[in-house]
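Here is what each chain is made of, one letter per residue.
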Amino acid sequence: MKNFTILYITIVSVFSLNSYSQQSKIASGDKKYDNYAYIDAIKTYERVAEKGYKSEDMFKKLGNSYYFNSEFDKAAKWYGELFAMNTEVEPEYYYRYAQSLKSTGDNTKANQMLDLFNQKSKKDTRGKLYESDKNYLDQIKANSGRYNIEDAGINSKYSDYGTTFYQNKIVFTSARDTGGLGQRKHKWTGEHFTNLYQSDIDQDFNPNAPKKFKSKINSKFHESTPVFTKDGKTVYFTRNNYIDGKKGKDENKITLIKIYKATLENDKWTNIMEVPFNSNNYSTAHPALSPDEKTLYFASDMPGTFGQSDIYKVSINNNGGFSSPVNLGPGINTEGKETFPFITDENEIYFASDGHPGLGGLDVFVGKLDDSGVSNIQNLGSDINSPKDDFAYLIDTKSRRGFFTSNKDGGQGSDDIYKFLETRKLACVQELYGTITDLATGAVLPNTKLTLYSSAFKVIATGYSDQNGNYTFPVECGLVYNVRAEKEKYTTKEQSVIILKENGRTNLPIALEKSDCVVTIGDDLGKCFGIKMIYFDLDKSNIRREAALDLEKILDVMNQYPKMKLDIRSHTDSRASHKYNEALSDRRAKSTIKWLIQNGVAPNRLTGKGYGETQLVNGCSDGVKCTEAEHQMNRRSEFIILAL
């Protein structure tokens, strides 16, 4: 895939040579490289390398020039030369080398590079994803064998990619237009600038001969990846920063790419304008609409991006305006490239990424989309994905037919469009099950109430254990859930569980402890539930979601005993100043009271105060050296019963 669509550019510092003639050639190559003329830069650098000259910077630039043009096998060669000279390079080169090695089929060495990358970049999401699922190739294998794939029949010897549905047609991007004096070549890719083309499709999605999309949308620069509204009257598309005959540039004099909007009037596309969340200083690209057309998804490297490009969304207002962009978060976005989103009417998001574990280059993934973000992300398998770049996935969920783009071996051009029929949906079926028992005796506990929560502590389902103490919940593969078990005369218990990423069952037995807690006036109700403290974010007083679970226990008891009154006391350890601790603890006590009132408790049943560090339970006062565990004993919340 050509990298003006990837939204990421790395510039490596210029280096010098001893030989004047070589220095001159390298300087020429550097100038081309720094201007993203990678095709020309490669020729210069390789001529120097063929004469035996070796330089870490040159090998980096050669590797990068091929990597950014998705020629990963050639990138692997030059990154290999780099690592032969020095294995202590920037961590990003370990990752690029690993991705490039995958294209050559050397997964063993690629995984070795990923291990080293993870060691050197411990906070990088890509390393964490690899470390948490080193058997990712097994999952990819399990997800394979589900597609019939063939050439779409519309490809040229140039780059063709990125299809979208438009009435009874598909519209796609192509660099095939080589005619005309105004048709110039793009120095990054060595190909002509792209325009939009269209093809009629039959009921089996077979396209006819493509024609150029006749519209002012096509300009002398790049156009790509449009998406149309269902009524066919509005289009969002990607174009170089160019409108009304004027080309925009960033502070480095580089023309980036933006999302534009146009409307259809009298059978002509007009009112071409850029969306308001564009900027000259970052790129936006590859728009995708939600099925209800109220949300626009896109890729960008705008400030706040986790990696090289992230997937964002904006709400489309009734008046046609847009909300501020929202990053879809670390559930989907990595320090790598996430791009080419596509949203289905089944609450799924398909996207391309080189940050999630894959076969090399960009792979296509699918995730579950909901209000809390993206979850249960899976690689589509080796039918769609290859060691090269695979992206721009488009599917009709009714017929299970669609298109995707790849620069894998065997195509006609640098990028080619393939059509497919999905013969089996990617369905991972999991069941969470377990037995509820008495902790002391091991006896089964029938009729125990079970509540299933999401990782964001949202109620998913409720149920009861059967006569044998058994319970089951249908769940989604690969997600984290929390299960709460409640039974009279037993202490309520919650446990977290990670669901397996393969078809089958995940076992979570829960043993409950008998409650010996009989409270009276003056006792701490929190001790009955093992509540040592209500957790808040550092230096804040807003109730966290996991803290709300504990407060629900208090709320439940107060609902059972409508005459009960509580005094809520918040304490801190001795670190920070006395005045600060007192103020912080007081805010937290009042936040706890506010939460209970908002959930139905009468205000006259609650009092509270923050005591800061004035009631330490041990000797960890100012100037006394204590362990973290000892300080933790002083950070506590108390729910003292004043009346019953």
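Quantities reported herein were computed from a predicted structural model and do not represent experimental measurements. Residue numbers run consecutively from 1 along every chain, following the written order of its sequence. Note on the predicted model: pLDDT of at least 70 is required for a residue's local features to be given, and 80 or more for side-chain atom pairs to be given and counted; whole-chain, interface and lining totals, by contrast, use all residues. Side-chain numbers here rest on the full set of heavy atoms in the structure, without hydrogens or water.

### Focus: the overall build of the protein
In step 1: When helices and strands are counted, the protein shows 12 helices and 33 strands.
In step 2: For the protein, long-range pairs separated by at least 24 residues make up 57% of all intrachain contacts whose partners lie at least 6 apart in sequence.
In step 3: Exposure was quantified through the Shrake-Rupley algorithm and a 1.4 Å probe, taking into account, for residues, occlusion by the shown protein chains and nothing else. Carbon together with sulfur atoms contributes 48% to the accessible area of the protein, which is approximately 29,500 Å² in total. Numbering of helices and strands runs from the N terminus; a helix is a DSSP stretch of H or I covering at least four residues, while a strand is a stretch of E covering at least two. Should any heavy atoms of two residues lie within 4.5 Å, those residues are considered in contact.

### Focus: the pattern of salt bridges
In step 1: When a carboxyl oxygen of Asp or Glu lies within 4 Å of a side-chain nitrogen of Lys or Arg, that pair is called a salt bridge. This model, assessed by the stated rule, comprises 30 salt bridges.
In step 2: Between Asp 160 and Arg 176 there is a salt bridge, with its nearest N and O atoms 2.8 Å apart. A residue pair is termed long-range when its members are at least 10 positions apart, and Asp 160 in strand β2 (residues 160-166) and Arg 176 in the loop between β3 (169-174) and β4 (195-200) qualify at 16 residues.
In step 3: Burial classification: accessible surface area is computed with a 1.4 Å probe over protein chains only, and a residue below 20% of its type maximum counts as buried, one above 50% as exposed, and the rest as partly exposed. Taking relative accessible area as the criterion, Asp 160 reaches 0% and is therefore assigned buried.
In step 4: Residue Glu 638 pairs with Arg 636 through a salt bridge whose shortest N-O separation is 3.5 Å.
In step 5: Where salt bridges share partners, they join Arg 146, Glu 346, Arg 400, Glu 422 and Lys 425 into one cluster.

### Considering the environment of Ala 443
In step 1: Counting through the fold element by element, Ala 443 comes out in the loop between β23 (429-438) and β24 (449-454).
In step 2: On the basis of relative accessibility, which here comes to 38%, the residue Ala 443 falls in the partly exposed class.
In step 3: Residues Ala 443 and Ala 511, 68 residues apart in the sequence, show an inter-C-alpha distance of 9.4 Å.
In step 4: Once you skip the residues sitting within four places of it in the chain, Ala 443 turns out to touch Ile 436, Thr 437 and Asp 438.

### Focus on the side chain of Ser 454
In step 1: On the secondary structure map, Ser 454 appears in strand β24.
In step 2: Other than its neighbours up to four places away in sequence, Ser 454 contacts Ile 460, Val 480, Tyr 481 and Asn 482.

### Examining the confidence of the model for the protein
In step 1: Mean pLDDT over the protein: 85, with 89% of residues reaching 70 or higher.
In step 2: Confidence scores here are pLDDT values: one per residue, from the predictor, ranging 0 to 100. Confidence over residues 2-26 falls short of pLDDT 50; this stretch has 78 contacts with residues more than four positions distant or in other chains.

### Here we look at the pairing of strand β13 (residues 295-300)
In step 1: Across the six residues that make up β13, a large majority, six, are buried.
In step 2: Alternating positions in β13 separate into two faces, Thr 295, Tyr 297 and Ala 299 on one and Leu 296, Phe 298 and Ser 300 on the other, with burial throughout.
In step 3: A pair of strands counts as paired when DSSP detects no fewer than two bridges linking them. Where strand β12 (residues 284-289) lies against β13, four bridges are found, and the strand directions are antiparallel. Pairing of Thr 284 across the sheet is with Ser 300, part of β13.
In step 4: Taken together, β12 and the strand that follows it, β13, pair antiparallel across an intervening segment of five residues, in which Glu 293 is found at a positive phi of about 60 degrees.
In step 5: As judged from the six bridges shared by β13 and strand β14 (residues 310-315), these two strands associate in the antiparallel manner. Residue pairing for β14: Ala 299 is matched across the bridge by Ile 311.

### A look at the packing of aromatic side chains
In step 1: Between 30 and 60 degrees the pair is tilted, below 30 it is stacked and above 60 it is edge-to-face, where a pair is any two Phe, Tyr or Trp rings, Trp via its six-membered ring, whose centres lie within 6.5 Å. Enumeration according to the criterion identifies 34 aromatic pairs in this entry.
In step 2: Their ring planes at 90 degrees and their centres at 6.5 Å tell us that Tyr 161 and Phe 340 sit as a pair that is edge-to-face. With Tyr 161 in strand β2 and Phe 340 in strand β16 (residues 338-343), this pair connects stretches of sequence that are 179 residues apart. Residue Tyr 161 shares its accessibility class with Phe 340, and that shared class is buried.
In step 3: Members of the aromatic cluster, joined through ring pairs, are Tyr 147, Tyr 350, Tyr 393, Phe 404, Tyr 418 and Phe 420.
In step 4: Definition used: whenever NZ (Lys) or CZ (Arg) falls within 6 Å of the ring centre and also within 35 degrees of the ring normal, the charge is taken to sit over that ring. Of note, Arg 126 hangs over the ring of Tyr 95, and the distance from its end group to the ring centre comes to 4.3 Å.

### So, empty space enclosed by the protein
In step 1: Each cavity reported here is a set of points on a 1 Å grid over the protein atoms alone in which a 1.4 Å probe fits but cannot get out, each pocket an open set with protein on both sides within 12 Å along at least five of seven lines, and each lining residue one with an atom within 4 Å of a point. Grid points are joined across faces, edges and corners, and a volume is the space filled by probe spheres set on the points. For the structure on display, the rule yields five cavities of 30 Å³ or more.
In step 2: Each pocket or cavity is described by its volume, and for the largest cavity that value is around 70 Å³.
In step 3: Taken together, Arg 146, Tyr 147, Glu 348, Tyr 350, Val 366, Leu 380, Tyr 393, Arg 400, Glu 422, Lys 425 and Leu 426 make up the lining of the largest cavity.
In step 4: Along the lines of polarity and charge, the residues of the lining of the largest cavity split into six nonpolar, no polar and five charged. In this count, Pro and Cys sit with the nonpolar residues alongside Ala, Val, Leu, Ile, Met, Phe, Trp and Tyr, while Asp, Glu, Lys and Arg are called charged and the others, Gly among them, polar.

### Details of the sheet that holds strand β15 (residues 326-327)
In step 1: Taking strand neighbours across the sheet as the criterion, the four strands line up as β12-β13-β14-β15 in an open arrangement whose pairing is antiparallel. The outermost strands of the open sheet, each flanked by one partner alone, are β12 and β15.

### Some points on the sheet that holds strand β27 (residues 480-486)
In step 1: The strand order β25-β24-β27-β28 describes an open sheet built from four strands, whose pairing is antiparallel. Where the open sheet ends on each side, the last strands, each with one partner, are β25 (459-464) and β28 (493-498). Across the sheet, the mean angle from the axis of one strand to that of its neighbour is 20 degrees, orientation sign disregarded.
In step 2: One ladder, built from five bridges, connects β24 with β25; its direction is antiparallel. By the bridge assignment, Leu 450 is partnered in β25 with Gly 463. Here an angle of 0 to 180 degrees is reported between the N-to-C directions of two axes, which are lines fitted to C-alpha atoms, with helices fitted over the stretch in contact.

### Details of the layout of surface pockets
In step 1: The volume enclosed by the largest pocket comes to roughly 1,300 Å³.
In step 2: Lining the largest pocket are 40 residues, and of these Val 374, Ser 375, Asn 376, Gly 478 and Leu 479 sit closest to its centre.
In step 3: Listing elements by their share of the lining of the largest pocket, those giving two or more residues are α7 (125-132), α8 (136-142), β18 (363-370), β19 (373-379) and β27.
In step 4: In terms of residue count, the dominant contributor to the lining of the largest pocket is β19 (seven residues).
In step 5: Split by residue class, the lining of the largest pocket holds 16 nonpolar, 15 polar and nine charged.

### A look at the nonpolar core
In step 1: Among the nonpolar cores identified, the biggest contains 31 residues, and Met 58, Leu 62, Tyr 79, Leu 82, Phe 83 and Met 113 are the most heavily contacted of them.
In step 2: Elements with a minimum of two residues in this core: α2 (38-50), α3 (56-68), α4 (72-85), α5 (91-103), α6 (107-120) and α8.
In step 3: Grouped together as the second largest cluster of nonpolar side chains are 23 residues, Ala 152, Ile 154, Phe 172 and Val 366 included. Take the buried Ala, Val, Leu, Ile, Met, Phe, Trp, Tyr and Cys residues and link them wherever side-chain atoms come within 4.5 Å; each set so joined is a nonpolar core.

### Considering the environment of Gln 560
In step 1: Position of Gln 560 relative to the elements: it lies in helix α10 (residues 545-560).
In step 2: Look at Gln 560 and you get partly exposed, because its relative accessible area is 48%.
In step 3: For this analysis, a polar contact is any N or O atom pair within 3.5 Å, provided that within protein one partner can donate a hydrogen and the other can accept it, and provided that sequence-adjacent residues contribute only side-chain to side-chain pairs. A distance of 2.7 Å separates the side chain of Gln 560 from the side chain of Asp 556, its partner in a polar contact.

### Concerning the packing of α5 against α6
In step 1: α6 packs onto α5 with a crossing angle of 160 degrees between their chain directions and a minimal axis gap of 8 Å. For the element pair α5 / α6, the angle class is roughly antiparallel. The crossing of α5 and α6 is left-handed. When α5 is examined against α6, the residues Pro 91, Glu 92, Tyr 94, Tyr 95, Tyr 97, Ala 98, Leu 101 and Lys 102 are found in contact with a partner set consisting of Asn 107, Lys 109, Ala 110, Met 113, Leu 114, Leu 116, Phe 117 and Lys 120.
In step 2: For the contact of α5 with α6, a count of residues per class yields 11 nonpolar, one polar and four charged. Working definition: roughly parallel below 35 degrees, roughly antiparallel above 145 degrees, roughly perpendicular at 65 to 115 degrees, and oblique for all remaining angles. In this scheme the crossing of two helices becomes right-handed for a clockwise turn of the near helix relative to the far one and left-handed for an anticlockwise turn of less than a right angle.

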